Amino acid sequence: MSLIINWNEFTPLASLVGGVLIGIGSVLLVAAKGRILGISGIVGSLLQTNNTPQDHYRWRVYFLFGIFLSTLVGGFLSLIPKFDITSDYTTLIAGVLLVGFGTRMGSGCTSGHAVCGLARLSMRSLLATMTFMATGFLTAYVFYHFI
Amino acid sequence: MKNYLTLFAGFLFGLGLIVSGMSNPNKVIHFLDIAAIWDPSLAFVMLGAIPVAFLGFRWIESKHKTIFNEELHLPGKNHFNADLFIGSLLFGIGWAITGFCPGPALVAFVAILNLGNGSFKATSFVLAMLVGMLIHDRIYKHLMKRR
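Every value quoted in this text rests on a predicted model; they were computed, and no experiment measured them. (Residues numbered from 1 in each chain as written. Chains lettered and ligands numbered in written order. Predicted model: local features only at pLDDT ≥ 70, side-chain atom pairs only at ≥ 80, totals over all residues.)

So, on to the overall build of chain B. Along chain B, the regular secondary structure elements total 6 helices and 1 strand. For chain B, the succession of helices and strands along the chain, N to C, is α-α-β-α-α-α-α. With the principal axes as the frame, chain B shows a C-alpha extent of 45 × 45 × 35 Å. Expressed as a percentage of the 147 residues in chain B, the buried residues total 55%. For chain B, the share of sequence-separated contacts (at least 6 apart) that also reach a separation of at least 24 residues comes to 36%. (Helix = DSSP H or I, 4+ residues; strand = E, 2+ residues; numbered from the N terminus. Buried ≥ 20, exposed ≤ 12 C-beta atoms within 10 Å, placed from the backbone. Contact = placed C-beta atoms within 7 Å.)

On to the interface of chain A and chain B, then. Across the contact, 104 residues belong to chain A and 106 residues belong to chain B. Those elements giving two or more residues to the side of chain A that touches chain B turn out to be β1 (4–5), α1 (12–33), α2 (39–46), α3 (58–76), α4 (89–105), α5 (110–119) and α6 (123–145) of chain A. Per element, the largest residue contribution to the side of chain A that touches chain B is 21 residues, and it comes from α1(A). Partitioned by chemical class, the residues of the side of chain A that touches chain B number 64 nonpolar, 31 polar and 9 charged. When β1(A) meets strand β1 (residues 37–38) of chain B, the two strands line up parallel, connected through 2 bridges. Bridging from a neighbouring strand, A:Ile4 pairs with B:Ile37 of β1(B). (Nonpolar A, V, L, I, M, F, W, Y, C, P; charged D, E, K, R; others polar. Pairing = 2+ DSSP bridges.)

A pair of packed helices is characterised by two quantities: the angle between their axes and the separation of those axes. In the contact formed by α5(A) and helix α3 (residues 43–63) of chain B, the axes pass within 7 Å of each other and the chain directions differ by 45°. Here α5(A) is positioned oblique relative to α3(B), judged by the angle of their axes. Crossing geometry of α5(A) relative to α3(B) is assigned as right-handed. Contacts between α5(A) and α3(B) involve A:Ala114, A:Val115, A:Cys116, A:Leu118 and A:Ala119 from the first element and B:Met46, B:Ala49, B:Ile50, B:Ala53, B:Phe54 and B:Phe57 from the second. Each residue belonging to the contact of α5(A) with α3(B) can be placed in one class, and the counts come to 11 nonpolar, no polar and no charged. (Axes fitted to C-alpha atoms, helices over the stretch in contact; angles between N-to-C directions. Parallel < 35°, antiparallel > 145°, perpendicular 65-115°, else oblique. Left-handed = near helix turned anticlockwise from the far one by under 90°.)

A word on helix α4 (residues 82–98) of chain B. All names here are of chain B. With 17 residues, α4 extends 24 Å from end C-alpha to end C-alpha; this agrees with the ideal 24 Å at 1.5 Å per step. The buried fraction of α4 amounts to 13 of the 17 residues, a majority that puts the element mostly inside the structure. Once α4 finishes, Gly99 follows within two positions and takes phi at roughly 80°, a positive value. (Expected span 1.5 Å × (residues − 1).)

The next point concerns the environment of B:Ile135. Residue placement: B:Ile135 occurs in helix α6 (residues 120–146). Since 16 C-beta atoms lie within 10 Å of it, B:Ile135 is described here as partly exposed. Separated by 65 residues in the primary sequence, B:Ile135 and B:Glu70 have C-alpha atoms spaced 33 Å apart. Contact partners of B:Ile135, with chain neighbours within four places excluded, come to A:Phe101 and B:Tyr140.

On to the domain arrangement of chain B, then. Quite often, the size of an interface is put as the accessible area lost when its parts meet. All names here are of chain B. We note that the domain assignment places domain 1 (1–74) and domain 2 (79–147) within chain B. The C-alpha-based centres of domain 1 and domain 2 are spaced at 19 Å. On the domain 2 side, the residues contacting the 10 residues of domain 1 number 8 residues. At the level of elements, α1 (2–20) and α2 (25–32) are the ones that each hand at least two residues to the side of domain 1 that touches domain 2. Looking at which element gives the most residues to the side of domain 1 that touches domain 2, the answer is α2, with 5 residues. Counted by class, the side of domain 1 that touches domain 2 contains 7 nonpolar, 3 polar and no charged residues. (Domains from an automatic or database assignment.)

This is the structure:
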């Protein structure tokens, strides 16, 4: 197997700039609230109903409202692609269920483990990131070439 | 002030996902599927995000306080368990099948509802992700506790 690069879709600069924005966002959150910017954690905690200290929901809602505003700006600048579902719907739903379940079980996803965790030199996040990257690449290979 | 900074963190994070291409499931799949014509762009997201986050976390963690002199709520770095590994493993599978991780799924959800960027069918993705989270937090965790 040899690697062939897709030069037409290659966007190193945009991805780098986007990455820097994500980095600044996570620094801002830990500086202001002392929290890890991890979406599965933030969303999962909002779904809890039994655990309600004073500030449990508020900052998370503010944070998600920030994401909401970013999509308005992104939409205004026509940066957001169309989301069409072309492949088998049931498989995709099963896949997304795995995303939800797995990120809660593994205490983090791409933002919490692969950005914040690695930046903090957390061995725990390194193990998590290597694991989901490995199964990600492996699954993509099997799923898009043999199934 | 704290809340507005939190909101701005969410805004930058969301914008970063959009600008970098992370919120485009096809781009994610073209990144994970190295056996097809490969688009390595998304590696640049981590390249942009991690150094920025590294410096920011080092600053805050050496202060042991937020900029408002409040406690940090940061997870440990060195505890490993089976859940961390298995959860990450499952997440990687779902991520490769769908091209969605939690943050981009939220962006897609808002974009579809707000801007009509895609079928209503695609919004069921995010709902399924939330269901996956709830299955873990409400059912799986309790079943494990009882054993």
